Each structure stands twice: as C-alpha cells, then as structure tokens.
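Chain and residue survey
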Amino acid sequence: MTVRVHVFVSGRVQGVCYRYAVEDEAGRLGVAGWVQNLPDGRVEAVFEGDEEAVNAMLVFCRQGSRGARVDGIEEMQENPLGESGFSIRS
C-alpha cells in the first residue's frame, strides 16, 4: 500500500547537511518526495512510498542526523499523489 506523509521537523535541523542526509536516506529506502528548510527553522518534507519504507523514513527523521537535534515531528497522512524521485527545495 502506498502512503504519503507530510512532516514538519523542529529543533536544530536547519541547514543543507540535514536536508541532504534526509535525501540520501530516502534514496536508500526508495521513498519519493521532497524536503526544504522553512524560515522559522523547521524542516518540511513529504515522503511517499510503501508503508514500511515511509515508516522507516519517519524513524530516521525522529532520530536526527549529522548533528541535528530533533525536538518534535508533526506528521499528517495524505492521499498519495504519485510524485516520483526526490528533490530538495530552496
């Protein structure tokens, strides 16, 4: 089953290194979507793929990466839109 999750990660996560770490992990897991920094310091991302891969991606985001400290993560289940690939938005 394909799922799509929209997440907002808060904490010391701002920066290109965190976004590229998320992109690398998504590629490893076969998850499509995008990620971007928000002006308020959070990171916004959308992940789409099979349920197991998307759940693994959410675990990765909760743990933080490359020195990121994740204070919280908000997630909203969405209907899959069929995006392919992965992109980092500026």
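Predicted, not measured: the structure shown is a model, and the values here were computed from it.

**Section: the pairing of strand 3 (residues 43-50)**
- Across the 8 residues that make up strand 3, a large majority, 7, are buried.
- Judged from the 8 bridges that link them, strand 1 (residues 2-12) and strand 3 form a sheet pairing that is antiparallel. Among the inter-strand pairings, R4 is bridged to a residue of strand 3, identified as E48.
- Sheet analysis places strand 2 (residues 32-37) next to strand 3, joined by 6 bridges and oriented antiparallel. Paired with N37 across the two strands is V43, which belongs to strand 3.

**A closer look at the UniProt feature "active site" (unreviewed entry) in the chain**
- With numbering aligned to this structure, UniProt lists the feature "active site" (unreviewed entry) at R19 and N37. In terms of the greatest pairwise C-alpha distance, the residues named above, spread along 19 residues, form a tight cluster of at most 7.8 Å across.
- Judged by its relative accessible area of 9%, R19 falls in the buried class.
- Mapping N37 onto the fold places it in strand 2.
- The class for N37 is partly exposed, based on a relative accessible area of 21%.

**As for the nonpolar core**
- Among the nonpolar cores identified, the biggest contains 19 residues, and V7, V9, Y18, V22, F47, M57 and C61 are the most heavily contacted of them.
- Looking at which element gives the most residues to this core, the answer is helix 2 (residues 51-63), with 6 residues.
- Aside from chain neighbours lying at most four places away, what touches M57 is V22, E25, A26, L29 and F47.

**Structural notes on the environment of S10**
- Within the secondary structure, S10 is located in strand 1.
- Relative accessible area serves as the criterion here: at 23%, S10 is assigned to the partly exposed category.
- Each C-alpha atom, one on S10 and one on V43, is 6.6 Å from the other, the two residues being 33 residues apart in sequence.

**Regarding the environment of R12**
- Mapped onto the fold, R12 is located in strand 1.
- The exposed category is assigned to R12, whose relative accessible area is 52%.
- As a C-alpha pair, R12 and V43 span 31 residues in sequence and 9.6 Å in three-dimensional space.

**Structural notes on helix 2**
- Compared with an ideal rise of 1.5 Å per residue, which puts 13 residues at 18 Å, helix 2 spans 19 Å between its outermost C-alpha atoms and is within 8% of the ideal.
- For helix 2, the set of buried residues is A53, V54, M57, L58, F60 and C61. Buried residues along helix 2 cover an arc of 155 degrees about the axis, so they all sit on one side. Every exposed residue of helix 2 that faces more than 90 degrees away from the buried side is listed here: E52 and Q63.

Cut-offs used in this document
Residues numbered from 1 in each chain as written. Predicted model: local features only at pLDDT ≥ 70, side-chain atom pairs only at ≥ 80, totals over all residues. Heavy atoms only, no water. Buried < 20%, exposed > 50% of the residue type's maximum accessible area, 1.4 Å probe, protein only. Helix = DSSP H or I, 4+ residues; strand = E, 2+ residues; numbered from the N terminus. Pairing = 2+ DSSP bridges. UniProt positions renumbered as here; feature names shortened; annotations may be inferred. Core = buried A, V, L, I, M, F, W, Y, C linked by side-chain atoms within 4.5 Å. Contact = heavy atoms within 4.5 Å. Expected span 1.5 Å × (residues − 1). Arc of directions from axis to C-beta.

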